[in-house]
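Secondary and tertiary structure notes
For reference, the chains in residue letters:
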Amino acid sequence: MPHGLSRKIRVAFILQVVMASLAIVLSVYLISAVVKRSLVNAMLREEAAHYWELYGASEAQPPPNTYGLRGYMVLKGRSNLVLPENLRPLRPGFHELKDDGVLVLVDEQPVGRLYLVFLRSQAERLTFWFGTLPIIVILLAIYLVSWLTYRASKRLVSPVSWLATQVAQWDPRRPDVGALAADRLPADVQGEPRQLAEALHGLGQRVSALVARERNFTRDASHELRTPLTVIRVASDLALAEHSPPKVVRSLQRIQRAGRDMEAVIDAFLILAREAETEPQSEDFDIAEVVLDEAENARSLLIGKPVDLEVTCNAKPRLQAPPRVMHVVVSNLLRNACSYTDHGRIDVIVEQDRIVVRDTGIGMSAASAERAFEPFYRADESRPHGTGLGLSIVQRLCGRFGWKVELESELGRGTVASIRFHP
């Protein structure tokens, strides 16, 4: 799980430590500058004020001279030869002589000038003890606290990550829920993670039972639904073999067509119900033959209507797929065209890469065309034919075999439906 909860927590803590480190490093730099400039400046001014007090009490008071501080006194009207050359050009105020490594305060009073020289090494030592060292201690404390907090958070999150890993490994068709059984859970899966694991275990068992029922239904339906249809087909064949009146023959032929249609619909539904990885039985067939056969069946729906149905085969494409699926697809498109066309014509055109069904029916508005593939949706509820499932089934079947169904319609002028079976 490249984007799991543990990784997010780890990244959050790393970012937190990095930002804290940058903030502290910046603080060290600022504190160093403050110590060198402000703190040393203030200290030297206090030293100067203290010296002038002592000098006022006794003019024999020598300038300060300690391990880290050097003092030079130049009285007014006196020569400044006692001063080092690098101090002679300095004006009153605080100065930093980087080349010499000293900080200098020049304090001028009516009696003369006092030069206080503070070694930079002493300033850096002050900076380290009063600035850098405390910051380093704080930084180490932040690292330690962040590490301990991360370890604690990781222990809290690890059961959830373990559950996520187990569920991610499930096969949706055959979920292995045994690892989430109560007696097989790791010892650290307690509290809410254990409740979640038990809930997922129950869900997995229900999914397994549902998949098993669906698989059994598909297998049983494939056998049981075909048996009566086979009986109907054989009985109608025997009846047609006898001498019967034309009216009876037409009725038997309609029974046979209805039986074939029912077999095709059952096959299509079973294909949709099966798992996507289970390939249906396919064969190489002539698409034009399927279209001509379904067009002949659809003409019975136009009896009494001033509508012409014409098939034009501009090509003779062949396809490797279950032919009954193509029967169902073409049959549904033709039934829709016949149901919603009251006058004019229906043209069925077979091209090398598609089938086009064009009618001069009532058409659909743009809003209706967008919903045409929704189950049970009907553009005109007043029409007695159909349940609104035809185009939904067509779309699902085409999606199952990689075909593309397209629909163009204009209200009052007709509809054009096409099935593209080659990319």
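The notes below deal with the structure included here.

Attention now goes to the packing of aromatic side chains. Going through the model one piece at a time under the given rule, you end up with four aromatic pairs. Residues Trp52 and Tyr55 carry aromatic rings whose centres are separated by 5.8 Å and whose planes lie at 90° to one another, so their mutual orientation is edge-to-face. Linking Trp52 with Tyr55, this pair stays in helix H1 (residues 5-57), spanning three residues, or about one helical turn. There is no split in this pair, since Trp52 and Tyr55 are both buried. Measuring from centroid to centroid gives 5.4 Å for Phe401 and Trp403, while their planes differ by 25°, and the two rings are stacked. Residue Phe401 shares its accessibility class with Trp403, and that shared class is buried. Here the aromatic residues Tyr51, Trp52 and Tyr55 are joined through ring pairs into a cluster of three or more. Just above the ring of Phe401 sits the side chain of Arg400; from NZ or CZ to the centre is 5.8 Å.

Moving on, we get to the environment of Val17. Note on placement: Val17 falls in helix H1. For the pair Val17 and Tyr143, spaced 126 residues apart in the sequence, the C-alpha separation amounts to 6.8 Å. For Val17, the residues in contact, after removing those within four places along its chain, are Tyr143 and Ser146.

Moving on to the pattern of salt bridges. Considering all chains together, one arrives at eleven salt bridges under this definition. Salt-bridge contacts for Arg420 lead to Asp353; the nearest nitrogen and oxygen are separated by 3.7 Å. With Arg420 in strand E11 (residues 414-420) and Asp353 in the loop between strand E8 (344-350) and strand E9 (354-359), this pair connects stretches of sequence that are 67 residues apart. On the basis of relative accessibility, which here comes to 24%, the residue Arg420 falls in the partly exposed class.

A separate point is the nonpolar core. Membership of the largest hydrophobic core comes to 44 residues, with the highest contact counts inside it found for Leu309 and Trp403. Counting residues per element, this core draws most heavily on helix H7 (residues 323-339), at nine residues. If we ignore the near neighbours within four places in the chain, the residues touching Trp403 are Leu319, Ala321, Val325, Met326, Val329, Cys398, Ile419, Arg420 and Phe421.

Let us now look at the packing of H7 against helix H9 (residues 390-401). Following both chains from N to C, one finds H7 and H9 inclined at 150°, their axes separated by 9 Å at the closest point. Between H7 and H9, the angle is such that the two are roughly antiparallel. Every pair of crossing elements has a handedness; the one defined by H7 and H9 is left-handed. Facing H7, whose interface residues are Val325, Val328, Val329, Asn332, Leu333 and Asn336, H9 presents Gly390, Leu391, Ile393, Val394, Leu397, Cys398 and Phe401. For the contact of H7 with H9, a count of residues per class yields ten nonpolar, three polar and no charged.

This paragraph deals with the sheet that holds strand E10 (residues 404-410). Paired through their backbone hydrogen bonds, the strands of a sheet run either parallel or antiparallel. An order of E6-E8-E9-E11-E10 is seen for the five strands of this open sheet, with the pairing classed as mixed. The sheet is open, and its two borders are formed by strand E6 (307-313) and E10, each paired with just one other strand. In this sheet, adjacent strand axes meet at a mean angle of 10° when their direction is disregarded. In this sheet, E9 lies alongside E8 in antiparallel orientation, the contact comprising five bridges. Bridging from a neighbouring strand, Asp347 pairs with Arg358 of E9. Set on the sheet, H7 makes contact with E6, E8, E9 and E11; between it and E9 the angle comes to about 15°. Across the sheet, H9 is in contact with E10 and E11; its angle to E10 comes to roughly 145°.

In this model, helix H6 (residues 287-298) (twelve residues) spans 16 Å end to end at C-alpha, consistent with the 16 Å of a helix rising 1.5 Å per residue. If you check which residues of H6 are buried, you get Ile287, Ala288, Val290, Val291, Glu294, Ala295, Asn297 and Ala298. The N-cap of H6, judged by a side-chain oxygen 2.9 Å from the amide nitrogen of Ala288 a few residues on, is Asp286.

The rules behind these values
- Residues numbered from 1 in each chain as written.
- Predicted model: local features only at pLDDT ≥ 70, side-chain atom pairs only at ≥ 80, totals over all residues.
- Heavy atoms only, no water.
- Phe/Tyr/Trp six-rings, centres within 6.5 Å; stacked < 30°, edge-to-face > 60°.
- Helix = DSSP H or I, 4+ residues; strand = E, 2+ residues; numbered from the N terminus.
- Buried < 20%, exposed > 50% of the residue type's maximum accessible area, 1.4 Å probe, protein only.
- Lys NZ or Arg CZ within 6 Å of the ring centre and 35° of its normal.
- Contact = heavy atoms within 4.5 Å.
- Salt bridge = Lys/Arg side-chain N within 4 Å of Asp/Glu carboxyl O.
- Core = buried A, V, L, I, M, F, W, Y, C linked by side-chain atoms within 4.5 Å.
- Axes fitted to C-alpha atoms, helices over the stretch in contact; angles between N-to-C directions.
- Parallel < 35°, antiparallel > 145°, perpendicular 65-115°, else oblique.
- Left-handed = near helix turned anticlockwise from the far one by under 90°.
- Nonpolar A, V, L, I, M, F, W, Y, C, P; charged D, E, K, R; others polar.
- Pairing = 2+ DSSP bridges.
- Expected span 1.5 Å × (residues − 1).
- Polar contact = N/O pair within 3.5 Å; in protein donor to acceptor, adjacent residues only side chain to side chain.

None of this, on its own, says anything about what the molecule does.
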